[in-house]
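Chain residues, written in single-letter form:
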Amino acid sequence: PGAPKTTSPAAVAAEEAALRAAVFSAAAQRRSTPAERLWTLIERDGDSFLEVRVAAYRLIAALGRRGWFAAELTGHAALFTKIINSGNEISPPGCKWRHEAVLALLATAEAPRVAGVAVVADGAAARLAASAAGGPYGGGSGGRPPAIPDVATAHR
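Residues numbered from 1 in each chain as written. Predicted model: local features only at pLDDT ≥ 70, side-chain atom pairs only at ≥ 80, totals over all residues. Heavy atoms only, no water.

This paragraph deals with the nonpolar core. Across soluble globular proteins, nonpolar side chains show a tendency to be buried alongside one another. Membership of the largest hydrophobic core comes to 26 residues, with the highest contact counts inside it found for I60, F69, L73, I83 and L128. Not counting residues up to four positions away in its chain, the partners in contact with F69 are V23, P34, L38, L59, I60, L63 and G64. (Core = buried A, V, L, I, M, F, W, Y, C linked by side-chain atoms within 4.5 Å. Buried < 20%, exposed > 50% of the residue type's maximum accessible area, 1.4 Å probe, protein only. Contact = heavy atoms within 4.5 Å.)

The next point concerns the side chain of T74. Within the secondary structure, T74 is located in helix α4 (residues 67–74). Judged by relative accessible area, which is 16%, T74 ranks as buried. Here the side chain of T74 touches A70 through a polar contact of 2.9 Å, landing on its backbone oxygen. Among the polar contacts made by the side chain of T74, one reaches the main-chain carbonyl oxygen of A71 at a distance of 3.5 Å. When residues no more than four places from it in sequence are discounted, the contact partners of T74 are F80, V120 and A124. (Helix = DSSP H or I, 4+ residues; strand = E, 2+ residues; numbered from the N terminus. Polar contact = N/O pair within 3.5 Å; in protein donor to acceptor, adjacent residues only side chain to side chain.)

Under the criterion given, the structure shown has three salt bridges. One salt bridge in this structure joins R66 and E16, with 2.8 Å as the shortest N-O distance. Residue R66 is located in the loop between α3 (50–63) and α4, and its partner E16 is located in helix α1 (residues 9–28); the two are separated by 50 residues in the primary sequence. Measuring nitrogen to oxygen at the nearest pair gives 3.3 Å for the salt bridge that ties D45 to K82. Placement of D45 in the loop between α2 (34–42) and α3 and of K82 in helix α5 (residues 77–84) is noted, with a sequence separation of 37 residues between them. (Salt bridge = Lys/Arg side-chain N within 4 Å of Asp/Glu carboxyl O.)

Further remarks concern the packing of α2 against α4. Direction vectors running N to C along α2 and α4 enclose 60 degrees, while the axes themselves pass 8 Å from each other. The orientation of α2 with respect to α4, classified from their angle, is oblique. Here α2 runs over α4; the crossing is right-handed. When α2 is examined against α4, the residues P34, A35 and L38 are found in contact with a partner set consisting of F69, E72 and L73. Taken together, the residues that form the contact of α2 with α4 break down as five nonpolar, no polar and one charged. (Axes fitted to C-alpha atoms, helices over the stretch in contact; angles between N-to-C directions. Parallel < 35°, antiparallel > 145°, perpendicular 65-115°, else oblique. Left-handed = near helix turned anticlockwise from the far one by under 90°. Nonpolar A, V, L, I, M, F, W, Y, C, P; charged D, E, K, R; others polar.)

The values reported here are purely geometric and, on their own, carry no functional implication.
So this is what it looks like as structure tokens:
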């Protein structure tokens, strides 16, 4: 039923180039870059824009594993800060997908360097690692010891 899959390196490279061209072409129709388009979606706060932000985070989680897309996003300072800051989302779906976006970008940052060149700057990689360690809600251990309550329960 479907067309046969091609896995030759040339075919994969051509498909990747076509995907990249489509992403940049879609953004260019609005006279912007992909990072700028995503910034306009993610910067919208409030519950009424939750589904839009979740869709943007899901796109980042999917395309963030590609070096060209990760480099584009981490190069946009305001967008990158918004993605790695766990305090920007308070709803469970927003927190979950923001964290998935961070994990995708971190996977790209930690991937082997292409021709000795890092796709994501080392400083950005360290910030991604710290954000990922915090977990979806920013309450992960992040290298800190677990919290010990100041009160005890009464045994009956």
